[in-house]
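Here is what each chain is made of, one letter per residue.
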Amino acid sequence: MKFDKEQFKSSIENRLKRQYGKSLDEATPHDIYDAVAASVMEIIQGNWMNYRKVCRDKKSRQVYYLSAEFLMGRAMGNNLINLGIKDGVASVLKEFGMDYNLIEDQETDTGLGNGGLGRLAACFLDSLATLEYPGHGYGIRYRYGMFEQHIENGYQVEYPDNWLSHRDPWEIKRPDLAVKVLFGGNVVSEQLPNGKTLYKIVNAEEVTATPYDMPIVGFDTKVVNRLRLWEASSPNGFDLQLFNDMKYLQAVEKQNNAENISRVLYPNDSGPSGKTLRLKQQYFFVSASLQDMIAYHKRVIGKDLTKFPEYNVVQLNDTHPVIAIPELMRILMDENGFGWDDAWNIVTKTFAYTNHTILAEALEKWPIDIFESLLPRIYQIVTEINRRFCDSLRTKFPGDWKKQQRMAIVGDGMIRMAWLAIVGCFSVNGVAALHTEILKKIELADWYELYPEKFNNKTNGVTQRRWLVCANPELSEFITKRVGPGWEKDLSKLSALEKYSDDPESLDEFMRIKHSNKKKLADFLKDTQNIFIDPDSIFDVHIKRLHEYKRQLLNILHIMYLYNRILEDPSFDPIPRTFIFGAKAASGYRRAKSIIKLINTVADRVNNDYRVRGRIRVIFVPNYRVSLAEKLFPASDVSEQISTAGKEASGTGNMKFMLNGAVTLGTMDGANIEIVAEAGKENAFIFGLTAEEIQKIDSEHSYNPQDYLARNPKLASVLSQLIDGTFESSTQAIFRELYDSLVYGIEGQRPDVYYVLADFDAYVEAHEKILEAYADKRKWAKMALLNVARAGKFSSDRTIEEYVNDIWKLKKVSL
Ligand code: 26Q
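Residues numbered from 1 in each chain as written. Predicted model: local features only at pLDDT ≥ 70, side-chain atom pairs only at ≥ 80, totals over all residues. Heavy atoms only, no water.

So, about the nonpolar core. Among the nonpolar cores identified, the biggest contains 125 residues, and I479, L497, L557 and W780 are the most heavily contacted of them. Sorting elements by how many residues they give to this core places helix α22 (residues 552-568) first, with 10 residues. Apart from residues no more than four positions distant in its own chain, L557 is found in contact with V718, L719, L722, L742, V756 and F760. Counting 117 residues, the second largest nonpolar core, distinct from the first, contains Y311, A352, L375 and C425. (Core = buried A, V, L, I, M, F, W, Y, C linked by side-chain atoms within 4.5 Å. Buried < 20%, exposed > 50% of the residue type's maximum accessible area, 1.4 Å probe, protein only. Helix = DSSP H or I, 4+ residues; strand = E, 2+ residues; numbered from the N terminus. Contact = heavy atoms within 4.5 Å.)

Here is the structure:
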């Protein structure tokens, strides 16, 4: 894309004048950021309009990715890189006497997601646009995204994420496309002369859904797709009647109730919340999105909705948008006169479902009473889907009552959203090979038996544009120098790096770059948080949501073990290590919060004990988020991927580490398995029980964590330090709870549900091997470089091509 410097300069100046009434020298860095963004938007707009027109004229088949979460992070750097104008913009700013990085840093993250699932959606949008597929996102424009995490006295404290305190220059409000969504009320039916019954909802609460569009700019292409996020409001503002009666609070109540729907992202990344508001959010964005798709179809493709599945395919990101299945039935039958069979035929050709979790307790279920009163007509439809499905089960499995009960969509007073998804979708996929196998063989075995043709695997991927080109410019240059350009759009080209894995000059350069990134992170932490770390130490990094199955507890117990060892044996003098954690805990997840407190307590002790003499340091970086991740991955040596085998569906951080030359320390879980298969076992540190072994111990109920304590006195003393007064008395109760959960099991749980103690020795050993390997710098460099060279499979471009070929059946549409 050609970039006109002078034009861009005057665009910025005009913008500052119009929006802020300021000249360049009066403008704050944030004003400049906003003016630059607005100027970039002007460049994007042209292509965006053109691409929309081409897709309309060609009547292209399109995919819609329905997701309650899109964890976009910052847009500026990514858009400039994808447009190919980053250097140009940086030099304009330089001529204005400003530093590009300072301006980029003004942008707050768009944190409309919890973790992996939300970030995956963002990577997929980037790949769709780059590969020139018409594919768009639909979601919710939360007024407050993922909470801001502060650490106060070692505890997590949540603050609202007020990401819209300034206007967002990357979005365009489209009030002309607003639609209404109905909640509650009663269903009334009417017999029509043709014998059909017409269903209508009366006395419902009406909510307005207004779309905000963000452009999704492809890399090195003119393609611009769209992320459309819905905002909720009340159609009639506040109630003037009540206001005049001086009932001020009641006058705004309706308005508040409506606005509450898109007020805040639920910060739990597992487990059903069972909250009415969450169900409202789901139906709100799903109904608005389907209405929007239908309107487009009628306007552009034609009035005949029987062709809907020829032109549209909808991917459901987990069960959160699965209510789309009965909602499309409703729209087809109640608003477009279809009969049940014709409507069902359309619906079951339209939707595909991705499962992101193995934890059975995390599968979404809605209590019937909540569901029925909030969505009476949708409830009727779900009941009818269930009735017909159960009929078919009785024919297929006569007499097998147990199976029929297990598989019913409505049962035990609940609506089981995953079951509804499997019945209503033509495709069901897991997100890594092991995950899909576990779904087929164990978690969803009944369903795989019934619908084997629906099941398929789509191993996750990440976009190299954000996670390497933007995040790690030095390594990107290193790569381009050796393999040429083109890997930005075809990551398999990285394999050409292999031949440098014995080239001393390349290895030294590679390690110099790693060191430079570590230095940058160290400077950032010093400047922003007053945290000091040594760039010459090994950076061992554990960043992801805090969850017991992800086993941050195993990591910190090992650090306690190392601390004891250093105190006992002053001659123990390993290469200095910095253990870095970043993790948010769901606000109501008490044990996860205790683990954060433990990490910070241990950090405090270790970092302030002179006897440790810098051999180990422990850092908890607060408020882990996309923009921080972009600084952490490039600076990491060791990638902690230590979930209990069988529990992490895929993981995607593991791929970002690999791409940036960190070596995996992991269990045989999720995509780790595919990562080591690519990298080679000799280039990773794999430890611990396998999913199969854990499955076996689980089923035999044979696990007794006390055996492990008896066998390993060092582990036993680490554990007893949780309860013997080693730490300040105010933490006694919460560390005691962690201890009890590991050793005895509490609150009706088995002891050590996630096998922390069972894997402890193997984890210690794996760390020792890492120290050994790192001692030989060249050998380490080779391992790390080979990881980069073999990361090609983990591009979300590969994942998207698989979705396109196996599920979506899209054709490329270019400009
Ligand atoms: C459900 C009900 C009520 C409130 C919240 C939720 C909820 C919200 C978010 C449930 C789950 C999530 C997010 C799950 C998630 O991020 N899963 C991760 O998905 C990644 C992408 O496939 C995988 O790599 C991870 O293994 C998986 O944990």
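Moving on, we get to the site of the ligand. The immediate surroundings of the ligand are formed by 22 residues, with L117, H356, N460, E648 and G651 found nearest. Take S650: an N or O atom from its main chain is 3.0 Å from an oxygen atom of the ligand. Contact distances for the ligand include 2.8 Å between an oxygen atom and a backbone N or O atom of G651. Summarising the interface, the protein chains cover 93% of the accessible area of the ligand, which totals 620 Å² for the free molecule. Here the shell around the ligand gets three residues from one element, more than from any other, and that element is helix α6 (residues 116-130). Residue composition of the shell around the ligand, by class: five nonpolar, 12 polar and five charged. (Near = heavy atom within 4 Å. Polar contact = N/O pair within 3.5 Å; in protein donor to acceptor, adjacent residues only side chain to side chain. Areas by Shrake-Rupley, 256 points an atom, 1.4 Å probe, with all protein chains shown as cover. Nonpolar A, V, L, I, M, F, W, Y, C, P; charged D, E, K, R; others polar.)

Applying the stated rule across the entire model yields 60 salt bridges. Here K53 ties to D57 by a salt bridge, and the two come within 2.7 Å at their closest N and O atoms. Here K53 pairs with D57, and both are found in helix α2 (residues 29-58), just four residues apart, close to one helical turn. A residue is classified by how much of its surface remains accessible, and K53, at 43% relative accessible area, is partly exposed. On the basis of relative accessible area, D57 is assigned to the exposed category, the value being 52%. (Salt bridge = Lys/Arg side-chain N within 4 Å of Asp/Glu carboxyl O.)

Going through the model one piece at a time under the given rule, you end up with 24 aromatic pairs. Pairwise contacts between aromatic rings join Y65, F124, Y803 and W808 into one cluster. One residue, R377, lies across the ring of Y199, its end atom 3.9 Å from the ring centre. (Phe/Tyr/Trp six-rings, centres within 6.5 Å; stacked < 30°, edge-to-face > 60°. Lys NZ or Arg CZ within 6 Å of the ring centre and 35° of its normal.)

Within the fold, H558 resides in helix α22. Beyond its immediate sequence surroundings of up to four residues, H558 is in contact with R577, F760, Y763, V764 and H767.

Now for empty space enclosed by the protein. A full pass over the atoms with the stated rule returns seven cavities of 30 Å³ or more. By volume, the largest cavity amounts to about 230 Å³. Taken together, 18 residues form the lining of the largest cavity, with M72, A75, N78, I216 and R466 sitting closest to its centre. Of all the elements in the fold, those that place two or more residues in the lining of the largest cavity are β2 (70-73), α3 (76-83), α6 and β11 (205-217). Residue composition of the lining of the largest cavity, by class: nine nonpolar, five polar and four charged. Roughly 110 Å³ of volume is contained in the second largest cavity. (1 Å grid on protein atoms, 1.4 Å probe; cavity = no way out; pocket = protein on both sides within 12 Å on 5 of 7 lines; lining within 4 Å. Points joined across faces, edges and corners; volume = space filled by probe spheres on them.)

On the surface, a cluster of nonpolar side chains totalling about 520 Å² of accessible area is made up of F238, L240, F243, M246 and Y248. In this fold, F243 is placed in helix α7 (residues 240-244). (Patch = residues over 30% accessible without salt bridge, like charges linked within 9 Å, V, L, I, M, F, W, Y side chains within 5 Å.)

The next point concerns helix α32 (residues 777-789). Spanning 13 residues, α32 covers 18 Å between terminal C-alpha atoms, matching the ideal 18 Å at 1.5 Å per step. Buried within α32 we find W780, A781, M783, A784, L785, L786, N787, V788 and A789. (Expected span 1.5 Å × (residues − 1).)

Bringing the state of the cysteines into the picture now. Using the criterion set out here, one finds zero disulfides in the structure. For the unlinked cysteine C123, the closest cysteine sulfur is that of C470, found at 11 Å. Residue C470 is classed as buried on the basis of its relative accessible area of 19%. (Disulfide = S-S within 2.5 Å.)

Another aspect to go through is the packing of helix α21 (residues 504-529) against α32. The contact between α21 and α32 brings their axes to 9 Å, and the two run at 80°. One finds that α21 runs roughly perpendicular with respect to α32. Two secondary-structure elements touch here, α21 through P504, L507, D508, F510 and M511 and α32 through K777, R778, W780, A781, K782, A784, L785 and V788. Partitioned by chemical class, the residues of the contact of α21 with α32 number nine nonpolar, no polar and four charged. (Axes fitted to C-alpha atoms, helices over the stretch in contact; angles between N-to-C directions. Parallel < 35°, antiparallel > 145°, perpendicular 65-115°, else oblique.)

Time to look at the sheet that holds strand β23 (residues 638-641). As summarised here, the arrangement of the six strands in space is β22-β21-β20-β23-β24-β25, forming an open sheet in which the pairing is parallel. Looking at the sheet topology across the chains shown, the edges are occupied by β22 (616-620) and β25 (685-686). For strand β21 (residues 577-582) and β22, the ladder comprises five bridges, and the chain directions are parallel. Along β22, the bridge assignment pairs F579 with V618. This element, α22, spans β20 (538-543), β21, β22 and β23 of the sheet and lies at about 155° to β21. (Pairing = 2+ DSSP bridges.)

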